[in-house]
Each structure stands twice: as C-alpha cells, then as structure tokens.
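Structural features, examined
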Amino acid sequence: MNETISTELAPKAIGPYSQAIKSGNLLFLSGVMPINPETSELEESDIVVQASRIMKNVDALLNAAGYSVNDVVKTTCFLANIEDFAKFNEVYADYFVSKPARSCVAVKDLPKKALVEVEVIASK
C-alpha cells in the first residue's frame, strides 16, 4: 500500500500531486522546487541560492518519511540554463556526498520561472 508523505517544512505542492509517495521501501519525491516553505515564495534568482533551498526542502521531505540523504539512490535534475551546471554541481556535491545515480538536463522553462528542480528516489 502506498503512503502519502507531506510536511510543512517543505513547500506545498503547486498542483494536483503529492510532495512524496512511499511505496514499499521506495520513496519518490515529486519535483522539488526552490520555494521557501515559510513564505511560499521562490528564492531569489541565483542558482546557488535556489539549489541550496532545494537541498533543504529535499532533506525535510526525506526526514518526514524517515529517510536520510544517504538513502537516495537516484535524482533527476532539471536546469533552466545549462550554463548553471557547474555552480549547481558544487551545491549538489556538498549535499549528495553518497553520489546517487543522476540525470541532469536543461529544459526550456520550469514552473514559477525557477532555475532548477530536482526529483528524488530513495530506498531503505
């Protein structure tokens, strides 16, 4: 049976979806945006600031489900500008020290004009 995971410590879903779903030992985080959960506003338009906010939001969702960053097995990262790749990687590498599998692609646009969005799959 699937379990919906939610926390006030991460931004609410901005559409008809859940923050995360736990299915068996797998945890699927929806695309995590650089939104401050206290203000419901997008962080300033700087890739380092936005990536840092996403990592805080990912951490909150993982913790709400009883997981940690070390349980992450796969991420999918979406960048609005591929030129932000190196700066994004610096923030990402500091957070995901276990080096999960990853895809990282540039996309035309992201919701709310964000610079980055990250999906996460974790396993226990």
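Because the structure is a prediction, the values reported are computed rather than measured. (Residues numbered from 1 in each chain as written. Predicted model: local features only at pLDDT ≥ 70, side-chain atom pairs only at ≥ 80, totals over all residues. Heavy atoms only, no water.)

Quick notes on the environment of V105
Put simply, the rule is: A run of DSSP states H or I qualifies as a helix once it reaches four residues; a run of E qualifies as a strand once it reaches two. Both are numbered from the N-terminal end. Partly exposed describes any residue whose relative accessible area lies between the buried limit of under 20% and the exposed limit of over 50%, with all areas from a 1.4 Å probe on protein chains only and scaled to the type maximum.
Mapped onto the fold, V105 is located in strand 7 (residues 101-106). A relative accessible area of 36% places V105 in the partly exposed class. Separated by 34 residues in sequence, V105 and D71 place their C-alpha atoms 23 Å apart.

With respect to the sheet that holds strand 3 (residues 26-32)
Keep this limit in mind: Strands qualify as paired when DSSP identifies two bridges or more between them. Helix axes are fitted to C-alpha atoms over the stretch in contact, other axes to C-alpha atoms as well, and angles between N-to-C directions run from 0 to 180 degrees. The criterion used for residue contact is that any of the two residues' heavy atoms lie within 4.5 Å.
The strand order 1-2-3-8-6-7 describes an open sheet built from six strands, whose pairing is mixed. Looking at strand neighbours, the two that pair on one side only are strand 1 (2-5) and strand 7, the edges of this open sheet. Strand-to-strand twist in this sheet, taken as the mean axis angle between neighbours without regard to direction, amounts to 15 degrees. As paired elements, strand 6 (residues 72-79) and strand 7 share six bridges and run parallel to each other. Along strand 7, the bridge assignment pairs F78 with V105. Helix-sheet contacts for helix 2 (residues 85-95) involve strand 6, strand 7 and strand 8 (116-123), and the interaxial angle to strand 7 is about 150 degrees.

Some words on the nonpolar core
To be explicit about the condition: By convention a nonpolar core is built from buried Ala, Val, Leu, Ile, Met, Phe, Trp, Tyr and Cys residues, the set being connected through side-chain atoms within 4.5 Å.
In this structure, L27, L29, M55, V58, L62, F88 and F96 are the most contacted members of the largest nonpolar core, which totals 30 residues. Residue assignment for this core shows that the elements contributing at least two residues are strand 3, helix 1 (47-64), strand 6, helix 2 and strand 8. Counting residues per element, this core draws most heavily on helix 1, which supplies eight residues. Ignoring anything within four residues of it in the chain, the contact list for L29 reads Q19, A20, V58, L61, L62, E119 and V120. Counting residues in hydrophobic clusters, the runner-up holds five residues, among them M33, I35, F78 and L110.

A few points about the packing of aromatic side chains
Applied cut-off: Only the six-membered ring of Trp is used, alongside the rings of Phe and Tyr, when aromatic pairs are assigned; centres must lie within 6.5 Å, and planes under 30 degrees apart are stacked while those over 60 apart are edge-to-face, with the rest tilted.
On inspection of all chains with the given rule, the structure shows three aromatic pairs. Aromatic side chains F88 and Y92 sit 5.7 Å apart centroid to centroid with 45 degrees between the ring planes, which places their arrangement in the tilted category. One end of the pair, F88, and the other, Y92, are both in helix 2, four residues apart, so they sit about a helical turn from each other. Here F88 and Y92 have matching classes, each one buried. With a centroid separation of 4.6 Å and an interplanar angle of 40 degrees, the aromatic rings of Y92 and F96 are classed as tilted. Residues Y92 and F96 agree in their burial class; the two are buried. Grouping aromatic residues by their ring pairs yields a cluster made of F88, Y92, Y95 and F96.

A look at the packing of helix 1 against helix 2
Selection rule: Orientation categories follow fixed angle ranges, with anything under 35 degrees roughly parallel, anything over 145 roughly antiparallel, 65 to 115 roughly perpendicular, and all other angles oblique. Crossing chirality is assigned from the near helix's rotation relative to the far helix, an anticlockwise turn below a right angle marking it left-handed and a clockwise turn marking it right-handed. Side-chain classes follow a simple rule in which Ala, Val, Leu, Ile, Met, Phe, Trp, Tyr, Cys and Pro form the nonpolar group, Asp, Glu, Lys and Arg form the charged group, and the remainder, Gly included, forms the polar group.
Interhelical geometry of helix 1 versus helix 2 gives an angle of 30 degrees and a closest axis separation of 9 Å. Between helix 1 and helix 2, the crossing angle belongs to the class labelled roughly parallel. Where helix 1 crosses over helix 2, the two elements pack in a sense that is right-handed. Across the interface between the two elements, I47, V48, A51, S52, M55, V58, D59 and L62 from helix 1 touch K87, F88, V91, Y92 and Y95 from helix 2. For the contact of helix 1 with helix 2, the per-class residue count stands at 10 nonpolar, one polar and two charged.

Structural measurements only, silent on function.
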